[in-house]
Amino acid sequence: MKKKNIFKLLFLAFLIVASVLIIRQQRTTPYQHNEGFIFGTTYSITYQYDKDLQKEIEDEMHEVDASLSPFNKQSIITAVNDNKPVKLNEKFTEVFNLAEKVSKETDGAFDITVAPLVNEWGFGFKKGVAPTKHVIDSLRQIIGYEKVALVNGRIVKKDPRINLDCSGIAKGFGSDCVANLLRKHGIENFMVEIGGEIVTSGINPDRVPWKIGVTKPVDDPTQQNGELQTVLNVTDKAMATSGNYRNFYYKGGKKYAHTIDPKTGYPVQHNILSSTVLADNCATADAYATAFMVLGLDKAKAVLARHPELMVYFIYSDQHGKNAVWYSPSMRKAIAK
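Residues numbered from 1 in each chain as written. Predicted model: local features only at pLDDT ≥ 70, side-chain atom pairs only at ≥ 80, totals over all residues. Heavy atoms only, no water.

1. Concerning the overall build of the protein
Within the protein one finds 9 helices and 14 strands. Across the 337 residues in the protein, those meeting the buried criterion constitute 49%. As displayed, the protein has an accessible area near 17600 Å², and 54% of this comes from carbon and sulfur atoms. (Helix = DSSP H or I, 4+ residues; strand = E, 2+ residues; numbered from the N terminus. Buried < 20%, exposed > 50% of the residue type's maximum accessible area, 1.4 Å probe, protein only. Areas by Shrake-Rupley, 256 points an atom, 1.4 Å probe, with all protein chains shown as cover.)

2. Here's the deal with the pattern of salt bridges
Counted by the stated rule, this structure contains 8 salt bridges. Among the ionic pairs, D137 bridges to K133, the shortest N-O distance being 2.7 Å. Of the two residues, D137 and K133 are both situated in helix α6 (residues 133–140); the distance of 4 residues between them amounts to about one turn of the helix. The class for D137 is partly exposed, based on a relative accessible area of 22%. Given the relative accessible area of 56%, K133 is considered exposed. Because the salt bridges share partners, they merge into one network encompassing E60, E63 and K91. (Salt bridge = Lys/Arg side-chain N within 4 Å of Asp/Glu carboxyl O.)

3. Looking at the pairing of strand β4 (residues 154–157)
Residue alternation in β4 divides its side chains into a buried set, I155 and K157, and an unburied set, R154 and V156. Both strand β3 (residues 148–151) and β4 contribute to a ladder of 4 bridges, which runs antiparallel. Considered in β4, the bridge of L150 is made with I155. Where β3 hands over to β4, the hairpin turn is made up of 2 residues, of which N152 adopts a positive phi near 50 degrees. (Pairing = 2+ DSSP bridges.)

4. Observations concerning helix α2 (residues 54–68)
Its 15 residues place the ends of α2 21 Å apart at the C-alpha level, agreeing with the 21 Å of an ideal helix rising 1.5 Å per residue. Of all the positions in α2, only I57, E60, M61, V64, D65, S67 and L68 are classed as buried. All buried residues of α2 project into a common sector of 170 degrees when viewed along the axis, lining one side. Tucked into the core, α2 has its buried residues touching β1 (31–38), β2 (41–48), α3 (76–81), α4 (90–105), α7 (170–184) and β5 (190–194). (Expected span 1.5 Å × (residues − 1). Arc of directions from axis to C-beta. Contact = heavy atoms within 4.5 Å.)

5. A closer look at the nonpolar core
Side chains that are nonpolar tend, in soluble globular proteins, to be buried together. Counting residues in each nonpolar core, the largest one holds 58 residues, and the members touching the most others are F92, L164 and F292. Take this core: its biggest share by element is 10 residues, from helix α8 (residues 282–295). Of all hydrophobic cores here, the second largest spans 19 residues; its members include Y49, M61, A179 and I194. (Core = buried A, V, L, I, M, F, W, Y, C linked by side-chain atoms within 4.5 Å.)

6. What about the sheet that holds β1?
Read from one edge to the other, the open sheet built from 8 strands follows the order β1-β2-β5-β6-β9-β12-β13-β14, with strand pairing classed as antiparallel. Single-partner strands in this sheet number two, and they are β1 and β14 (323–327). Looking at each pair of strands side by side, their axes are set apart by 10 degrees on average, direction ignored. Note that strand β6 (residues 197–201) and strand β9 (residues 238–243) share 2 bridges and pair antiparallel. Bridge pairing in β9 links V199 to A238. Relative to the sheet, α2 contacts β1, β2 and β5, its axis offset from that of β2 by approximately 135 degrees. (Axes fitted to C-alpha atoms, helices over the stretch in contact; angles between N-to-C directions.)

The following block contains the structure:
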């Protein structure tokens, strides 16, 4: 009995010493911060590690760019769009399959074949002609996620004019890729942000959970406004926000926003101004945030009823034209007091 008690005491002492050493190491290991420009936007990454990993991080992001950027003339997606033979890599395949899944779940509100329409309206990687009704109706005939498939390691199109645009999912996927890189290094405390799409883990340099602000949807193409609507506690989650208040233009006194409805062919005019989604990975959050902008509040709620794992925070225009807020019940616990 005495030997058993001695063993228990020794084991307890070992646990205490190990815990003290781990806590001490966590407190003394510095936080690194890297920032720069990628995917046509900025990135900001903070992580607790004893080495600067910026080169590895940028190499990872460039791999995503080489897979999914239609602005990169040497990328896989550019070759697919140009109907050239190309070997698809794991990153392209993963994003394509996830995009198809979200398309089905949202009845095509999210659709990476919308590229010709996005280009036509002046928000894409090619310059279109004047977006007349005739042109829009013609392009709508080749739009549709069900018109493209992944078969035996290659993309098969029902029409060679079909182009893919992963801008509604690529930044979120890029954030996931960087987060996975950090995890491979054993890093537990980090925040990855690429163009507003975020993945967090553990605690921040102040040793508290990460807090992320949701910006008020005020027309601000310069992105300098920054006034916050609310602050969310986002730890061990991914967060993506989509809104038409940053990427838009006015022509003939009318506002044209960058989110295009694949079914109508026109920029969305629904009541959601800002769509924030929390999910287990950022690519999923990114895709659904885009889809909800297309669907509008009522149809978005219908999708959420089938996907309780998604946490959302919507800022929308009510019947009186004033900004209002709706969030899923699961989001309540994430709203900072």
